[in-house]
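The primary structure of each chain is shown beneath.
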Amino acid sequence: VTLSVFLAHRLPGMSTAEREAWIDRFSRRLAGVLNQLRKFSFLHGQLNATNILVGVEPNDGRLQIGGVQDISRKRRISQREIARELSQFESSLDGVPEVHLVHRRRFLKSYLGNRSAADARRLWKAIQAELSTSNRRNAVSHRAARWTVGERLRSRAAVFLATILLALVVCCGC
């Protein structure tokens, strides 16, 4: 089952202790898998909760990364690309209140392994910056999709004229 389905349907029904244990175990496994991909210069272009498969039962430790068509090999993976990948995953967890900031930071610590705390802070800030950039981009594209008043009036006028023309054609029998 996908991670998003598990988080929406199975996680809320767990006791607090079970939930904490599952999130801790899962985040460590996921961090390990993503770290292995990164070590071999692979990067997932669309990492989110729908592209991660987990076992149906809470004690099932299976984990698989889906969406393999979005995995690409890079000569060198930059910090920004890592931040972009992790910010996509982070944004897919926004609607899950059971996953707290402390869980996110533990995941990042596991993902980075034995790197310094300063590296973790830099990456966390880069992820947050990438999230705010993508949110601004989404807001701009959302605004661009809205029509201005003039465009709406022209559209309504065109619909009105087309309706009149269609009525004339039907009435005249042309």
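Quick note: structure is the one above.
Residues numbered from 1 in each chain as written. Predicted model: local features only at pLDDT ≥ 70, side-chain atom pairs only at ≥ 80, totals over all residues. Heavy atoms only, no water.

Visitor: An account of the overall build of the protein chain is needed here, citing residue identities and associated values.
Guide: Summing up its helical and strand segments, the protein chain has 6 helices and 4 strands in all. Shown N-terminal to C-terminal, the secondary structure of the protein chain runs as helices and strands in the order α-α-β-β-β-β-α-α-α-α. Going through the 174 residues of the protein chain one by one, you find that 32% of them count as buried. For the protein chain, the accessible area works out to roughly 11400 Å², and carbon and sulfur atoms hold 57% of it. (Helix = DSSP H or I, 4+ residues; strand = E, 2+ residues; numbered from the N terminus. Buried < 20%, exposed > 50% of the residue type's maximum accessible area, 1.4 Å probe, protein only. Areas by Shrake-Rupley, 256 points an atom, 1.4 Å probe, with all protein chains shown as cover.)

Visitor: Can you explain the side chain of Ser41? Please cite residues and give values.
Guide: Tracing the backbone through its elements, the reader meets Ser41 in the loop between α2 (16-39) and β1 (42-44). Not counting chain neighbours up to four residues away, the residues in contact with Ser41 comprise Ser72, Arg73, Lys74, Arg75 and Ile77. (Contact = heavy atoms within 4.5 Å.)

Visitor: Residue-level account of the packing of α2 against helix α4 (residues 101-112), with values.
Guide: Here α2 crosses α4 at 35°, and the two axes come no closer than 8 Å. Note that α2 runs across α4; the crossing there is right-handed. Residues Glu20, Ile23, Asp24, Ser27, Arg28, Leu30, Ala31, Leu34, Asn35 and Arg38 of α2 form the contact with α4, whose participating residues are His103, Arg106, Phe107, Ser110, Tyr111 and Leu112. Considering only residue class, the contact of α2 with α4 consists of 7 nonpolar, 4 polar and 5 charged. (Axes fitted to C-alpha atoms, helices over the stretch in contact; angles between N-to-C directions. Left-handed = near helix turned anticlockwise from the far one by under 90°. Nonpolar A, V, L, I, M, F, W, Y, C, P; charged D, E, K, R; others polar.)

Visitor: I'd love a proper account of the packing of aromatic side chains, names of residues and values included.
Guide: Under the defined criterion, the tally for this structure stands at 4 aromatic pairs. Their ring planes at 20° and their centres at 6.2 Å tell us that Phe107 and Tyr111 sit as a pair that is stacked. Residue Phe107 and its partner Tyr111 are located together in helix α4, separated by 4 residues, close to a single helical turn. On the basis of relative accessibility, which here comes to 9%, the residue Phe107 falls in the buried class. In textbook terms, an aromatic cluster arises when at least three aromatic residues are bridged by ring pairs, as seen for Phe6, Trp22 and Phe26. Above the face of the Tyr111 ring, Arg38 is positioned so that its terminal group lies 4.6 Å from the ring centre. Seen from the ring of Phe42, Arg73 lies directly overhead, with NZ or CZ sitting 5.6 Å from the centre. (Phe/Tyr/Trp six-rings, centres within 6.5 Å; stacked < 30°, edge-to-face > 60°. Lys NZ or Arg CZ within 6 Å of the ring centre and 35° of its normal.)

None of the figures reported here should be taken as evidence of function without further support.
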